[in-house]
Structures are given as structure tokens and as C-alpha cells.
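# Topology and contacts: notes
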Amino acid sequence: MKLSKVLWVLLSLCCYCVIINNNGVEGSHEVHPQYISHQAARVTQLHRTSYHFQPPQNWINDPNGPMFYNGIYHLFYQYNPKGAVWGNIVWAHSISRNLIDWEALEPAIYPTDPYDINGCWSGSATILPGNRPAILYTGIDTQQRQVQNIAFPANLSDPYLTKWVKSSKNPLVAPDSSVNASAFRDPTTAWWLNGHWRMSVGGKHHKRGIAHLYRSRDFMKWVKAKHPLHSARHTGMWECPDFFPVPIYGENGLDTSATGRNVKHVLKVSLDLTRYEYYTIGTYNPSIDRYIPDNSSADGWDGLRYDYGNFYASKTFYDPPHNRRVLWGWANESDTSSNDTAKGWAGIQTIPRTLWLDKGIKQLIQWPIREINTLRGQKFQVRNQELKTGEYVNIPEISAAQADVEVTFYVPSLEKAEEFDPSWVNAQDLCGMKGSTVQGGVGPFGLLTLASEHLEEYTPVFFRIFKAKDKHKVLMCSDAKSSSLRTDVYKPSFAGFVNVDLKDGMLSLRSLIDHSVVESFGAGGKTCITSRVYPTMAVMKKAHLYAFNNGTEAVTIKKLNAWTMHTPQMN
């Protein structure tokens, strides 16, 4: 099927008629008292995901303490057992043998004592000598201070680690006079070096973001270092810090305590001010216990991001059986709190991703864990299909609302690429200005996901190539403006630039589509974008998937494979 140029113009005009609700993605600690303990009479299945991690109902946010222990994967997560908004938070607990099929257990940690009676917030898991897991987490005490606590499995012979016991020595770490007691949370996985354990806790001092550093010989008595692991001006509160090593060569993961000449370190922080995450790649100097970002890593709001979309509070863990580092991230709803409450659920975890260091040592590469491929079912493929200006190709014979699609585009010539304006430093703004219906030279081309038959609704994921001063600039967008006819949901134009060499003319894209989420991976995982969307027409069997080109330069679908995705066991 081919879309006429006239229809593209009409669609472009329609985009300007959509009322954009800029209420934004809610912060994880935004309180809605009227909904906090209100459960829906029934859970609405429309827009619920089928192969992403989520409980049967209610609110979830940060993934906590992921680990592999004695043959079983554990994922803890922030959960409200009484409603579909943030509040009443406990550490929910699920287990899996393959990171795909999940079984829910009873909550592992919940408020019980003076040091956490007002909240059991995020934290991490560490495997101690003797193969003993420990959870470090933030509690909100009777004085509303944020303090760091510890819990251990009640019975190590229990293969599921069902019950956890808090230490009588809690809190292990309380904020001293130098620490902002209301901004002191989310302890990292600890690492062992030179006879001491180390952990970092997120914080801030005025507008300076801080990764506080603590040391311990026995994991119970912790002493604050005279200096932080790292800090940066004008970045605000650093939530959910994550600090881990990556090898310079290859795609393997490393134990969190690994150091050496051929090792780099990554420091990721979730910025409370922007509700986005940023990471740097740099050097950890064990002799002075400091982390120093490389010059190529911007240290702040302009820095690298795991994901340029709806993705926050992420946490990695080392997976020994597969010698890899795995990333979990939370994708909140972009709907209203009243709608979340009415449908009875809110929040998902993105598909776990393997991550490693790019060969240029300037960024991380991410890719969905290979286990997700076991869910692939009915397949459809396209080979060597040319797309001229305004044309699109239907991808039939699969369930387009629940799919995995991988496509490689071939761009024969870059001569028609638009000139890049150096003032276009914000990719998201540029995507909003030059969306999928704005004709360009080379691009936009890509996929129309969760599309209605006549494109009243669609979520385009696409590339646009520009001609910069000394190289070509590639923009990747996941644009929700046209995703729904509803006007009361947040529909941003998420985007990021892709650092890719186009000398062979090839550009790849993979999208995991699951009813209300589209996770996309550009150029083999160099740029990733997650969008939450709520179509009214492009739902269930009425959803369609198309490949399109709206640039004046023809492009070719060199190879496209699309699969219907099966539904795993999910809690």
C-alpha cells in the first residue's frame, strides 16, 4: 500500500490541530491523596502490556535490587499495594529463571520500624562473602529523615528468598550535619576494594548533585568519606545513582568490584529536576576513591542518556551465568492520575537490556536481552523494497499491537540531506519542529507503529539525516504527537542524535511494540527511545504497522523482519 503525497500534507496539517497536554511525566514521589488507597473495581486490559514486566494491578515505579542468586533472578520494585498512584510504598518481589517469565512473591520489605515507618524507598542488592545477599535501602524515619538500612534473607536455604529480616542495627547510615537529610537516598550496589566495602548514596547540596561515598570493613559500620565519589554543579538532586565497571574491549559484563587497566567506569544518575537520566564514562581512581568523567562525557543535563524517552530510576546488575551487565528501567504512564486509578494500574518496567561499551569508548550500547527472542511467533519479512517520497508499506500477518520488528534501511545518496543549523542542539525540540510529516531531503523514514488503518492515529519512529559542517548528523525520533485522538494525555516528541557512520548507507532500527509502549533501538542500540502511548483506534487487532519514507531521496528497505510476540507468565 502506498500513501499519496497529498495525504501526507493533510496529516501534517492535522498534527498542528492536536492539543498537546504538557503535564509531563509524573515524578515518582508526587502524591495524590484522593487516589493513594483507592483500588479500581476491575482492572482495564486496554493498553496493558503483554510481555513487559508489570504486576496484575496497582502502581509500580523504581526497579530495586535486581540480582541473580543460586539459579534464580530476583527483581524487587517500588509498589503501592492499595492503589494506582504513588504511595503506601513497599518492596514488591518477583522471581524468574529466564528474565521473561515471572512469579510474584509476597513483598520483601515494608514499613515497620522507626527508621522506615514513613517509607521504604529505593536501594540495591549486594552478594556478600559466603554467598549471602544483602539489601541496602532508604527508609524515611519518624523525623522524616532519609536514612540507609539493611535487610537479609531470613532463610538462605529457601531457594526463593521469600522472607527478609531487617537488622536491629538499622539505620546503618544516618545523615550528619553535612548532609541534606531530605535529599539522601538510593544506595548503590556496594563494591569491594583494598579491604573495604564502598557504596554511594545520592544527594544534593544547594543545586550541586552529589554521589556521597561511604566505606565499611564489615558491611555494617559505615564511615562517610571526606569527599564524594563525584559531584556536579547545577544538576540538582541525584536520585538512583548507579556505579559500575565496563571492559574497554568486548561486550561482556564485569562484577561490580572489578578494576584494572582495561576497565572504564560508568556513573549514572537520575535527575529529579528533569526527570531524565544521564550517565558519564570515566576513570575510577581507587587510590583516592574518586571518579573522573572523560572529557568526551558531558557532566550534566546535556550528557549521555540510556534512553531519550520515558525511562527513569534505572538499575543494572551483573549476571554471572551469561557474563553480562543487565539494565532495568521504569517507564511511567503518560496518562492522568485519575485515568490510572480508573483503569487500576500504572507503570511498567522496560524490557531488560544488555549493555556494553562502544568501540569508540565514548558511549554505551544497549540491546534487548536475547531471551526476549523466545517470545517471537508468526513472522513477516520484506526484502529490497524501495520507498519513494510519500510511500509506505504495510506489514501484515502479525499482531501489530504486540510485535518485535527489526529493519535495515539503505540510503543510496546523502546529497539531498538538509543543512544542519548549529543552533539545533536540542534533539527533542528539533523532532517537534520536523516531525514525520514534514518532508525533508534524506528522511524522515522509519516505522509507523500502533497505527490505525487510515492513520488517524500512529506513533512514528524515524530517522532524518542532516548535512553538518564536517559530517552528517542523524536525528532519531519517537513522536507521540499523533499517537492518540485523546487530548488529556502527554504526547511528547522524544528524540536523540545518533553517532553513526553512514559510509555504507545502512541504518538500522528495532522497535518492541506492546500495546501502550514502543521501545526503539537505533543503529544497533546506540540511541534508544521509549514512548508510552494510548491510542483509541489503533488497539488490539485494529493496530497496524507500516514502514514509510517522506524524504525526497528514495530509501530501500534492505531487510525487515517482524514477529508477533507471545505472552509470557507475568506475575
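Just so you know, these numbers come straight off a predicted model, no measurement behind them.

Spatially, S5-S6-S7-S8 is the arrangement adopted by the 4 strands of the open sheet, whose pairing is antiparallel. The open sheet terminates on both sides in strands that have one partner only, identified here as strand S5 (120-128) and strand S8 (164-166). For this sheet, the mean angle separating the axes of adjacent strands, direction not counted, is 30°. Two strands pair when backbone bridges link them, and strand S6 (residues 132-140) and strand S7 (residues 146-153) are joined in this way by 6 bridges, in the antiparallel orientation. Bridge pairing in S7 links Ile135 to Ala151.

In this section: the layout of surface pockets. One number sums up the size of the largest pocket: a volume of about 1100 Å³. Lining of the largest pocket is provided by 34 residues; of these, Asp302, Gly303, Leu304, Tyr308 and Phe497 occupy positions nearest its centre. Only strand S17 (276-285), helix H3 (427-433), strand S31 (472-479) and strand S32 (493-498) provide two or more residues apiece to the lining of the largest pocket. Of all the elements, S32 adds the most residues to the lining of the largest pocket, at 4 residues. Here the residues of the lining of the largest pocket are counted per class, giving 16 nonpolar, 10 polar and 8 charged. Taken as a whole, the second largest pocket encloses approximately 460 Å³ of empty space. Put simply, the parts of the chain that give the lining of the second largest pocket at least two residues each are strand S23 (353-357), strand S24 (364-368), strand S27 (402-410), strand S33 (506-514) and strand S37 (555-565). When grouped by side-chain class, the residues that make up the lining of the second largest pocket number 11 nonpolar, 5 polar and 7 charged.

Here we take up the state of the cysteines. If you walk through the whole model with that rule in mind, you get 0 disulfides. No disulfide involves Cys240; its nearest neighbouring cysteine sulfur is the one of Cys120, lying 15 Å away. On the basis of relative accessible area, Cys240 is assigned to the buried category, the value being 7%.

Ranked by internal contacts, the top residues of the largest apolar core, which has 61 residues, are Ile395, Phe445, Ile465, Leu545 and Leu560. Discounting residues that sit within four places of it in the chain, Phe445 has contacts with Phe409, Val411, Phe462, Phe463, Ile465, Leu507, Phe548, Asn549 and Val555. Of all hydrophobic cores here, the second largest spans 23 residues; its members include Leu99, Ile372, Leu375 and Met565.

Of the residues in the protein chain, 95% reach a pLDDT of 70 or more, and the chain-wide mean stands at 93. Within the model, the stretch residues 1-28 combines pLDDT values under 50 with 62 contacts to residues more than four positions away or in other chains.

For the coordinates displayed, the defined rule picks out 5 cavities of 30 Å³ or more. In terms of lining residues, the largest cavity is bounded by His230, Thr235, Trp238, Leu267, Val269, Leu271, Tyr278, Tyr279, Thr280, Ala298, Asp299 and Gly300. At the level of secondary structure, the elements contributing two or more residues to the lining of the largest cavity comprise strand S16 (263-271) and S17. Its residues assigned to classes, the lining of the largest cavity shows 7 nonpolar, 4 polar and 1 charged.

Under the criterion given, the structure shown has 31 aromatic pairs. Ring geometry for Phe76 and Trp91: centres 5.7 Å apart, planes at 50°, overall tilted. One end of the pair, Phe76, is in strand S2 (residues 72-80); the other, Trp91, is in strand S3 (residues 90-96), and 15 residues separate them in sequence. Per residue, the accessibility class of Phe76 equals that of Trp91, and both read buried. Between Phe409 and Phe445, the ring centres sit 5.1 Å apart and the planes meet at 65°, which makes this aromatic pair edge-to-face. Separated by 36 residues along the polypeptide, Phe409 in strand S27 and Phe445 in strand S29 (residues 442-451) bring together distant segments of the chain. The pair Phe409 / Phe445 is uniform in exposure class, with both members buried. An aromatic cluster is defined as three or more aromatic residues linked by ring pairs; in this entry it consists of Phe53, Tyr77, Tyr79, Trp102 and Trp328. Stacked on the ring of Tyr410, the Lys or Arg Lys558 has its end atom at 5.8 Å from the ring centre.

Thresholds, definitions, all that
Residues numbered from 1 in each chain as written. Predicted model: local features only at pLDDT ≥ 70, side-chain atom pairs only at ≥ 80, totals over all residues. Heavy atoms only, no water. Pairing = 2+ DSSP bridges. Helix = DSSP H or I, 4+ residues; strand = E, 2+ residues; numbered from the N terminus. Axes fitted to C-alpha atoms, helices over the stretch in contact; angles between N-to-C directions. 1 Å grid on protein atoms, 1.4 Å probe; cavity = no way out; pocket = protein on both sides within 12 Å on 5 of 7 lines; lining within 4 Å. Points joined across faces, edges and corners; volume = space filled by probe spheres on them. Nonpolar A, V, L, I, M, F, W, Y, C, P; charged D, E, K, R; others polar. Disulfide = S-S within 2.5 Å. Buried < 20%, exposed > 50% of the residue type's maximum accessible area, 1.4 Å probe, protein only. Core = buried A, V, L, I, M, F, W, Y, C linked by side-chain atoms within 4.5 Å. Contact = heavy atoms within 4.5 Å. pLDDT = per-residue confidence, 0-100. Phe/Tyr/Trp six-rings, centres within 6.5 Å; stacked < 30°, edge-to-face > 60°. Lys NZ or Arg CZ within 6 Å of the ring centre and 35° of its normal.

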